[in-house]
Amino acid sequence: MEEGDKWVYRGEGNSSLVVSDEQKRQVLRMRKCSTDGSKNKQEANRRDWVLCKDYIDNVMRPLLGERYVASPELVNLTPSFVNRMNEECFQSRPRKRLNAHADGDVLIGMVLPDVCFLPDAIPSNPNPTFCVELKLKQGFFPPYSLEKSKPHPPVCRFCMLQQLKVRKGTLNHLSKFCPLDIFSGNHIRMKIALCNVLETPQNNIRIFKDGTLIFSCQDGNPSTLADLQELTKELQSLTLENGGVPYLDSMQACLESDPVSVMNDLVVKALLHVPPGATSIHPDEYITDHLCSASIHRSPSEVPDPIGTLPAGCVLHAVLAVQHLDRSGVYSIHEDYVRLIQYLEANPHHREFSTMDGPYPPDFITTSPDPTSHLTNGQPETISNHTTSDGSEHSKNHITDISPVGADIPPEINECLERVRSFLVAGTCKDLSVMIAFQRIPDGTRIPTENVLGSSGGDYQHSIKIVDLDPKHSSRILRYVPLEDDIWANYQYGDS
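Residues numbered from 1 in each chain as written. Predicted model: local features only at pLDDT ≥ 70, side-chain atom pairs only at ≥ 80, totals over all residues. Heavy atoms only, no water.

This prediction gives the protein a mean pLDDT of 84; 83% of its residues lie at or above 70. Confidence drops under pLDDT 50 across residues 367-399; counting only partners more than four residues distant or on other chains, this segment forms 70 contacts. (pLDDT = per-residue confidence, 0-100. Contact = heavy atoms within 4.5 Å.)

This is the structure:
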């Protein structure tokens, strides 16, 4: 990277620090290390970044669609650049993240387009560009028949995990957001879910204006009236009103205001929009009618008709289809994983053909010639809680196959490996983020309609991309079982 580039803090996760360059419209991810002095070797981190790029290019892009996933570029860094980024980002970073910083010994980073902006924006458009980042989470009920006994009434994993985190003190409040509502395809449920996540954002929503963060969770707390009042002011340009923002004296008034309503309307339309030529690994639309008992929509009076549709090719459909590659559940996958480890310990010569954690060559995803090849006794496994347009249950992807090639591995071990690989790929899609960028089109301007959304605030050009697509390491499977035990035990015996 050039020393004169103007990079500013954008955000971070557990393993990466992210900075952005507004002029270049790029973001840069740098690996983090602990401030206690522990460091990984440079070559190991280089391999890690190469694997991550190959995983995005050869696994996520084919599964989710190239339209939704950008191909990353690996770049060389200098120690002085990394150190400068640490110094310049320090004041902007959350206090809880200051125990780790960008590693000056890891001189390679990952560059991606800055999806807070439109890739083909109208030149000299004076209107601001807004971007809503949503962390969607798992969009279907856990496979109860394969895990624990089904709660009555049923509840999704995200809401169950919320109860555990509050009980353990990791969170100080329950989120009002429920992933099943945003994945429902029902416009009413989706819009109320967006209002809920604005009230209790946690790490599930962030909003940007011209690349600058204007709304997010503050110190782990729910939104305040002042937070929503400020957001409403920032969103005022979404409406066609010329006057100032009226005084809003309650959180409900803010959530029902014209600016927030226009934003929510655009987000819902973008999430359900099917771009020309968009495809999905699952050919049929999803028709959903399932309600999580922890959702506000458990009351029939709130949403009398909860049924919605996810059309094939929209971003929610694409994500949900890959999530359904998890067709076994944590406990069954744990058994498969232990069996695999034992087999590889006894047959070390098969390791290069049966790795679960890369490499990810172009043929990692293959096409199954028999669309029923993954059915159980000729029938889909009933774990998806979704039906197709013809009313039949559909629980998994019938197009792709994630299995090893070229090793003389026993069929039962090969099947274990395929299930573990599928589970890990699905795990990535349960932790990704969707970025919806939109900008009002100036009056009298004509552009191709494929990326135009209409709203009461006018016509908007939009773009939607998927980010946070790092591979999940198979070693995590060993930690999932005790966590799952805690989640279910807490829900069964805790407050519901």
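What follows deals with the nonpolar core. With 105 residues, the main nonpolar core has Leu64, Leu198, Leu271, Leu316, Phe438 and Ile466 as its most contacted residues. The residues contacting Phe438, other than those within four sequence positions of it, are Leu118, Pro128, Thr129, Phe130, Val132, Leu238, Met263, Leu266, Val267, Tyr460, Gln461 and His462. Grouped together as the second largest cluster of nonpolar side chains are 14 residues, Val19, Leu28, Met85 and Ala102 included. (Core = buried A, V, L, I, M, F, W, Y, C linked by side-chain atoms within 4.5 Å. Buried < 20%, exposed > 50% of the residue type's maximum accessible area, 1.4 Å probe, protein only.)

Below, the discussion takes up the pattern of salt bridges. In this structure the tally under the stated criterion is 22 salt bridges. Between Glu12 and Arg93 there is a salt bridge whose closest N-O contact spans 2.7 Å. Separated by 81 residues along the polypeptide, Glu12 in strand β1 (residues 8-12) and Arg93 in the loop between α2 (79-89) and β5 (100-102) bring together distant segments of the chain. Note on Glu12: relative accessible area 17%, which makes it buried. Given a relative accessible area of 9%, Arg93 falls into the buried group. Here Lys176 and Glu199 are joined by a salt bridge, their closest N and O atoms 3.1 Å apart. Placement of Lys176 in the loop between α3 (157-168) and α4 (179-182) and of Glu199 in helix α5 (residues 187-199) is noted, with a sequence separation of 23 residues between them. On the basis of relative accessible area, Lys176 is assigned to the partly exposed category, the value being 42%. Taking relative accessible area as the criterion, Glu199 reaches 16% and is therefore assigned buried. (Salt bridge = Lys/Arg side-chain N within 4 Å of Asp/Glu carboxyl O. Helix = DSSP H or I, 4+ residues; strand = E, 2+ residues; numbered from the N terminus.)

With that settled, consider empty space enclosed by the protein. Evaluation of the coordinates by the stated rule reveals 3 cavities of 30 Å³ or more. For the second largest cavity, the full set of lining residues is Tyr55, Met356, Tyr360, Phe364, Arg421, Leu424, Val425, Thr428, Pro471 and Lys472. At 4 residues, the largest contribution of residues to the lining of the second largest cavity is made by helix α11 (residues 411-429). Among the residues forming the lining of the second largest cavity, the class breakdown is 7 nonpolar, 1 polar and 2 charged. (1 Å grid on protein atoms, 1.4 Å probe; cavity = no way out; pocket = protein on both sides within 12 Å on 5 of 7 lines; lining within 4 Å. Points joined across faces, edges and corners; volume = space filled by probe spheres on them. Nonpolar A, V, L, I, M, F, W, Y, C, P; charged D, E, K, R; others polar.)

Another point: the sheet that holds strand β8 (residues 205-209). Either a parallel or an antiparallel arrangement is found when strands of a sheet pair, and the pairing is made through backbone hydrogen bonds. The 6 strands are arranged β9-β8-β7-β14-β16-β15 in an open sheet whose pairing can be described as antiparallel. Looking along the sheet, the strands with just one partner apiece sit at the ends: β9 (212-215) and β15 (452-455). Each strand of the sheet is rotated relative to its neighbour by a mean of 30°, with strand direction disregarded. Of the strand pairs in this sheet, strand β14 (residues 433-440) and strand β16 (residues 458-467) are connected by 8 bridges, and their pairing is antiparallel. Its bridge partner being in β16, Gln439 is matched across the sheet by Gln461. (Pairing = 2+ DSSP bridges. Axes fitted to C-alpha atoms, helices over the stretch in contact; angles between N-to-C directions.)

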